[in-house]
Amino acid sequence: QVQLVESGGGVVQAGDSLRLSCVASGRTFTLHRMGWFRQAPGEARELVGTISWGDDMTTYADSVKGRFTVSRDHGKDTVYLNMNRLKPEDTAIYYCVAAAYSDHMPTLHGYRYWGQGTQVTVSA
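Attention in this report is confined to the structure presented alongside it.

What counts and how
- Residues numbered from 1 in each chain as written.
- Predicted model: local features only at pLDDT ≥ 70, side-chain atom pairs only at ≥ 80, totals over all residues.
- Heavy atoms only, no water.
- Helix = DSSP H or I, 4+ residues; strand = E, 2+ residues; numbered from the N terminus.
- Rg over C-alpha atoms; globule rule 2.2 N^0.38 Å.
- Buried < 20%, exposed > 50% of the residue type's maximum accessible area, 1.4 Å probe, protein only.
- Contact = heavy atoms within 4.5 Å.
- Core = buried A, V, L, I, M, F, W, Y, C linked by side-chain atoms within 4.5 Å.
- Salt bridge = Lys/Arg side-chain N within 4 Å of Asp/Glu carboxyl O.
- Pairing = 2+ DSSP bridges.
- Axes fitted to C-alpha atoms, helices over the stretch in contact; angles between N-to-C directions.
- Polar contact = N/O pair within 3.5 Å; in protein donor to acceptor, adjacent residues only side chain to side chain.

### Focus: the overall build of the protein
Here is step 1 of the chain: In terms of regular secondary structure, the protein is built from 0 helices and 11 strands.
Here is step 2 of the chain: Listed by position from the N terminus, the elements making up the protein come as β-β-β-β-β-β-β-β-β-β-β.
Here is step 3 of the chain: For the protein, whose C-alpha radius of gyration is 14 Å, the value lies close to the compact-globule estimate of 14 Å for 124 residues.
Here is step 4 of the chain: The dimensions of the protein, computed from C-alpha atoms along their principal axes, are 45 × 30 × 25 Å.
Here is step 5 of the chain: Taking all 124 residues of the protein together, 41% fall into the buried category.
Here is step 6 of the chain: Across the protein, contacts joining residues at least 24 apart in sequence account for 56% of those joining residues at least 6 apart.

Here is the structure:
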């Protein structure tokens, strides 16, 4: 019902900036929140940041607070993750996620829809 496609990953140096994009398509009217998870090899998934559809309120993990910003293009069902002052520990696969209004379907960490992920590699 909803498809998420991420883009913008790549290899950068520590201190650089990178912007990830996620385009949602399909039944996007069922969504109330979108955001980003990340997962480094062998590590647990971490919720990086979210943004709500209703009021654009954002949340951030402590590890990225002050460096990353989640934003939304209100006319294109697109969310962005602006990453500044990147660190090697930010290296991970970044997943766009979306939460839908309750439909009794299972979720992963509370999010119904997940993108395929985009790799971000930060070299020292």
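### Comments concerning the nonpolar core
Here is step 1 of the chain: Counting residues in each nonpolar core, the largest one holds 29 residues, and the members touching the most others are L4, L31, M34, W36, L81, M83 and Y94.
Here is step 2 of the chain: When residues of this core are traced back to their parent elements, those giving at least two are β1 (2-7), β3 (18-26), β4 (31-39), β5 (46-52), β7 (68-73), β8 (78-83), β9 (92-100) and β11 (118-123).
Here is step 3 of the chain: With 5 residues, β9 is the single largest residue contributor to this core.
Here is step 4 of the chain: Residues within four places of L31 in sequence aside, it is in contact with V2, A24, W53, A98, A99, A100, Y101 and Y113.
Here is step 5 of the chain: Listed in part, the 5 residues of the second largest apolar core include F37, Y95, V97 and A99.

### Considering the pattern of salt bridges
Here is step 1 of the chain: Going through the model one piece at a time under the given rule, you end up with 5 salt bridges.
Here is step 2 of the chain: A salt bridge links R38 to E46, with the nearest nitrogen and oxygen atoms 2.8 Å apart.
Here is step 3 of the chain: In this structure R38 comes out as buried when scored by relative accessible area, which is 6%.
Here is step 4 of the chain: The exposure class of E46 is partly exposed, given its relative accessible area of 26%.

### A word on the sheet that holds β1
Here is step 1 of the chain: Spatial strand order, β1-β3-β8-β7: 4 strands in an open sheet with antiparallel pairing. At either margin of the open sheet sits one strand with a lone partner, and together these are β1 and β7. Ignoring which end each strand starts from, the neighbouring axes of this sheet average 20 degrees apart.

### Some thoughts on the side chain of D90
Here is step 1 of the chain: Examined against the element boundaries, D90 turns out to sit in the loop between β8 and β9.
Here is step 2 of the chain: According to the relative accessible area criterion, D90 is buried, its value standing at 0%.
Here is step 3 of the chain: Polar side-chain contacts of D90 include one of 2.7 Å to the side chain of R67.
Here is step 4 of the chain: Discounting chain neighbours no more than four positions away, the residues touching D90 are R38, R67, F68, R85, V120 and V122.

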